[in-house]
Amino acid sequence: FDFDGTLVDSEKTINHCFESITRSIAPERINYARNVLIGPPLRETASKILGAEYKNRLDEFVNQFIEMHDENVIMQTQPYPHVTETLKKLYEEKILMIIATNKREIPTIKLINYYNWQNYFISIECSDSHKSIRNKHEMIQDIIKKNHIFKKSSFVGDTINDGLSANRNQLQFLRANYGYGSNQDWSDVKVNRLIENFIELESILI
């Protein structure tokens, strides 16, 4: 599973942080903060918001985001409808589950523990879980290398990056149509199933 936009709706809390920090650092870039896609790694998104003229303040932006998001607003993030009970059902049916997310490890683990999901996943792969930052394609590659059973698995995500990463690793891609990628151009992505509600996964995966 992807995390943001698939398991949890973090858009409001993340956008609040982006807009607040942008007003302080680069107020004329506020429209970029308001319209940025939630999902890519933090530094990549922050760089897009700031643009070339403010690239020298990227570290400042990232540090302010981490402090504001991880300490103050993260617990406002809510799971999508039926996610908790569906994950529990899949776990009880012995479906092996892993998270592969561009979200940083600290807030990801914090939320998973807060929701009491920690027993459901055999592994949680984040962009910064290793010394070198990995993209989604590389995370999925590493998952398959460590556990070959996932070579024939499904990947559930909401953006074209999720879909392309699944396609490149020859996984079945289940698109969470309720997530953040609804306005993206999906013409180059092979989507095996489209889901409008997380609970639909019970009939697909069990």
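Please refer to the structure higher up on the page.
Residues numbered from 1 in each chain as written. Predicted model: local features only at pLDDT ≥ 70, side-chain atom pairs only at ≥ 80, totals over all residues. Heavy atoms only, no water.

### Focus on the overall build of the protein
Then, number 1: Counting its secondary structure elements, the protein contains nine helices and seven strands.
Then, number 2: Against the compact-globule benchmark of 17 Å for 206 residues, the protein has a radius of gyration of 17 Å, which places it among compact chains.
Then, number 3: Considered along the principal axes of its C-alpha atoms, the protein spans approximately 50 × 35 × 35 Å.
Then, number 4: Put simply, the protein has 206 residues, and 49% of those count as buried.
Then, number 5: Looking at the protein alone, contacts between residues at least 24 apart form 63% of all its contacts between residues at least 6 apart.
Then, number 6: Surface accessibility of the protein: about 10,600 Å² in total, with carbon and sulfur atoms responsible for 47%. (Helix = DSSP H or I, 4+ residues; strand = E, 2+ residues; numbered from the N terminus. Rg over C-alpha atoms; globule rule 2.2 N^0.38 Å. Buried < 20%, exposed > 50% of the residue type's maximum accessible area, 1.4 Å probe, protein only. Contact = heavy atoms within 4.5 Å. Areas by Shrake-Rupley, 256 points an atom, 1.4 Å probe, with all protein chains shown as cover.)

### A closer look at helix α1 (residues 11-25)
Then, number 1: Between its first and last C-alpha, α1 extends 21 Å over 15 residues, near the 21 Å set by a 1.5 Å rise per residue.
Then, number 2: Three or more residues of α1 are buried, namely T13, I14, N15, C17, F18, E19, I21, T22 and I25.
Then, number 3: Elements in contact with the buried residues of α1: α2 (30-35), α3 (42-50) and α4 (58-73). (Expected span 1.5 Å × (residues − 1).)

### Observations concerning the packing of aromatic side chains
Then, number 1: Within the structure shown, the criterion is met by 10 aromatic pairs.
Then, number 2: Geometrically, the ring pair formed by Y91 and Y120 is tilted, given 5.4 Å between the ring centres and 45° between the ring planes. With Y91 in helix α5 (residues 83-92) and Y120 in the loop between α6 (105-114) and β4 (123-126), the pair connects residues that are 29 residues apart, well separated along the chain.
Then, number 3: On the accessibility criterion, Y91 (40% relative accessible area) is partly exposed. (Phe/Tyr/Trp six-rings, centres within 6.5 Å; stacked < 30°, edge-to-face > 60°.)

### Focus on the sheet that holds strand β6 (residues 172-176)
Strand pairing in a sheet relies on backbone hydrogen bonds, with the paired strands running either antiparallel or parallel.
Then, number 1: Strand order in the open sheet formed by three strands is β5-β6-β7, and the pairing between neighbours is parallel. Pairing within the sheet leaves two strands with one partner each, and these edge strands are β5 (154-157) and β7 (193-195). The mean angle between the axes of side-by-side strands here comes to 25°, regardless of whether they run parallel or antiparallel.
Then, number 2: With three bridges joining them, β6 and β7 adopt parallel strand pairing. Bridged to R175 within β7 is L194.
Then, number 3: Packing of helix α8 (residues 160-168) onto the sheet brings it into contact with β5 and β6, and relative to β6 it is tilted by some 170°. (Pairing = 2+ DSSP bridges. Axes fitted to C-alpha atoms, helices over the stretch in contact; angles between N-to-C directions.)

### Some points on the environment of R43
Then, number 1: Checked against the element boundaries, R43 lands in helix α3.
Then, number 2: With 15 residues separating them along the chain, R43 and L58 place their C-alpha atoms 7.5 Å apart.
Then, number 3: Among residues more than four places away in sequence, those in contact with R43 are L58, D59 and V62.
Then, number 4: For R43, the side chain forms a polar contact with the side chain of D59, separated by 2.9 Å. (Polar contact = N/O pair within 3.5 Å; in protein donor to acceptor, adjacent residues only side chain to side chain.)

### Things to note about the packing of α4 against α6
Then, number 1: Direction vectors running N to C along α4 and α6 enclose 10°, while the axes themselves pass 11 Å from each other. With respect to their mutual orientation, α4 and α6 come out roughly parallel. Contact with α4, carried on its side by H69, D70 and E71, involves I106, P107 and K110 of α6 and no other residues of that element. (Parallel < 35°, antiparallel > 145°, perpendicular 65-115°, else oblique.)

### A few points about the side chain of N169
Then, number 1: Following the sequence through the fold, N169 ends up in the loop between α8 and β6.
Then, number 2: Of note is the side chain of N169, whose polar atom sits 3.0 Å from the side chain of H137.

### Brief notes about the nonpolar core
The nonpolar side chains of soluble globular proteins are, as a tendency, buried together.
Then, number 1: Counting 48 residues, the largest nonpolar core has F1, L7, F18, L87, W117 and F121 as the members making the most contacts within it.
Then, number 2: Listing elements by their share of this core, those giving two or more residues are α1, α2, α3, α4, α5, α6, β4 and β6.
Then, number 3: Among the elements that make up this core, the one with the highest residue count is α4 (six residues).
Then, number 4: Ignoring anything within four residues of it in the chain, the contact list for F121 reads F1, L7, L87, M97, I98 and I99.
Then, number 5: One finds I143, I144, A166 and L171 within the second-largest nonpolar core, a separate group that totals 13 residues. (Core = buried A, V, L, I, M, F, W, Y, C linked by side-chain atoms within 4.5 Å.)

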